[in-house]
Amino acid sequence: MEREILLEDSLGALHKVKYLDENRVIVQRCMRYVSEYGQEDITTYAMPAKVRLHQIDIWPFSDDLKEQIRAWHAQFTDAK
């Protein structure tokens, strides 16, 4: 199973989420800059945040993104 996923929140922002362990994930905001003149597109990432699943409600993520993270994390067999 893939241990990294790209999720879009209800505001249209992209977030790269990596499975870390049974209690934590790493979340990074992605910014994509699309080139107008045929050059390569640029993707940058914000500072990664190690998020504990039982404390996810205090993080400034949209409710939609929090639910997506919980549902994706629950797919792993060693996840609670």
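Data block above holds the structure.
The rules behind these values
Residues numbered from 1 in each chain as written. Predicted model: local features only at pLDDT ≥ 70, side-chain atom pairs only at ≥ 80, totals over all residues. Heavy atoms only, no water. Helix = DSSP H or I, 4+ residues; strand = E, 2+ residues; numbered from the N terminus. Buried < 20%, exposed > 50% of the residue type's maximum accessible area, 1.4 Å probe, protein only. Contact = heavy atoms within 4.5 Å. Areas by Shrake-Rupley, 256 points an atom, 1.4 Å probe, with all protein chains shown as cover. Lys, Arg positive; Asp, Glu negative; His and termini not counted. Charge placed at Lys NZ, Arg CZ, Asp CG, Glu CD. Phe/Tyr/Trp six-rings, centres within 6.5 Å; stacked < 30°, edge-to-face > 60°.

Caption draft 1: Highlighting the overall build of the protein. Along the protein, the regular secondary structure elements total one helix and five strands. For the protein, the N- to C-terminal ordering of α and β elements is β-β-β-β-β-α. Counting only C-alpha atoms and orienting by the principal axes, one finds that the protein spans roughly 45 × 25 × 20 Å. Here the protein, with 80 residues, has 32% of them falling under the buried criterion. When contacts within the protein are restricted to residue pairs at least 6 apart in sequence, those whose partners lie at least 24 apart make up 43%. On the protein, roughly 5,700 Å² of surface is accessible, and the fraction owed to carbon and sulfur atoms is 49%. Here the protein holds 11 positive side-chain charges and 14 negative ones, and the gap between their average locations is 8 Å.

Caption draft 2: Geometry of the packing of aromatic side chains. This model, assessed by the stated rule, comprises three aromatic pairs. Centroid distance tyrosine 19 to phenylalanine 76: 4.2 Å. Interplanar angle 35°. Geometry classified as tilted. Linking tyrosine 19 in strand β2 (residues 14-19) with phenylalanine 76 in the segment after α1 (63-73), this pair joins segments that are 57 residues apart in sequence. Each member of the pair, tyrosine 19 as well as phenylalanine 76, carries the same accessibility label: buried. Ring centres of tryptophan 59 and phenylalanine 61 lie 5.9 Å apart, and the angle between their planes is 10°; on these two criteria the pair is classed as stacked. When its relative accessible area of 26% is taken as the criterion, tryptophan 59 is described as partly exposed.

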